[in-house]
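Survey of secondary and tertiary structure
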Amino acid sequence: MRPTTPEAHDDIYRLDGLWDLILCHDELLTTLKIEEALVVGKSFGGMVACELAAAYPRRVRRLALISPPRPIRARTSLARSSD
């Protein structure tokens, strides 16, 4: 992964997975000189917010999740219990 730099701010790099997205968020917080943040995530953003909090617990002061996706195992259990 090639990060952007002040000299090449228009460079675009490919995100190969969720971890790359988490690293981008950490890079953004570092660039903005934000040491800790209140993080809110909705749906897929909730999963990203959870992963960011897990990877960088000192960065996330508070975490709010709105309709985060449920793990597949939880969805399977709920489907079985409703039969």
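As a reminder, the structure under discussion sits directly above these lines.
Notes on the structure follow. (Residues numbered from 1 in each chain as written. Predicted model: local features only at pLDDT ≥ 70, side-chain atom pairs only at ≥ 80, totals over all residues. Heavy atoms only, no water.)

What about helix H1 (residues 18-31)?
Compared with the 20 Å implied by 1.5 Å per residue over 14 residues, the 20 Å span of H1 between its first and last C-alpha is a close match. Residues of H1 that are buried: Asp20, Ile22, Cys24, Asp26 and Leu29. Where the residues of H1 are buried, they touch strand S1 (37-42) and helix H2 (44-55). Positive phi appears at Lys33, one or two residues downstream of H1, with a value of about 55°. (Helix = DSSP H or I, 4+ residues; strand = E, 2+ residues; numbered from the N terminus. Expected span 1.5 Å × (residues − 1). Buried < 20%, exposed > 50% of the residue type's maximum accessible area, 1.4 Å probe, protein only. Contact = heavy atoms within 4.5 Å.)

A few points about the environment of Asp26
Structurally, Asp26 is set in helix H1. By relative accessible area, which is 16% here, Asp26 ends up buried. Each C-alpha atom, one on Asp26 and one on Tyr56, is 8.0 Å from the other, the two residues being 30 residues apart in sequence. In contact with Asp26, other than residues within four places in its own chain, are Leu52, Tyr56 and Arg59.

Concerning the packing of aromatic side chains
Scanning the model with the defined rule gives one aromatic pair in all. Ring centres of Trp19 and Tyr56 lie 6.5 Å apart, and the angle between their planes is 10°; this geometry places the pair in the stacked category. Of this pair, Trp19 sits in helix H1 while Tyr56 sits in the loop between H2 and strand S2 (60-66), and the two are 37 residues apart along the sequence. Among the residues examined, Tyr56 registers a relative accessible area of 21% and is labelled partly exposed. (Phe/Tyr/Trp six-rings, centres within 6.5 Å; stacked < 30°, edge-to-face > 60°.)

Re the nonpolar core
Formed by Ile22, Leu29, Ala37, Val39, Val48, Ala49, Leu52, Ala53 and Val60, the largest nonpolar core amounts to nine residues. Elements with a minimum of two residues in this core: H1, S1 and H2. In terms of residue count, the dominant contributor to this core is H2 (four residues). Apart from the residues lying within four places of it in its own chain, the contact partners of Ala49 are Val39, Gly41, Leu63 and Leu65. (Core = buried A, V, L, I, M, F, W, Y, C linked by side-chain atoms within 4.5 Å.)

In short, shape yes, function no, at least from these values alone.
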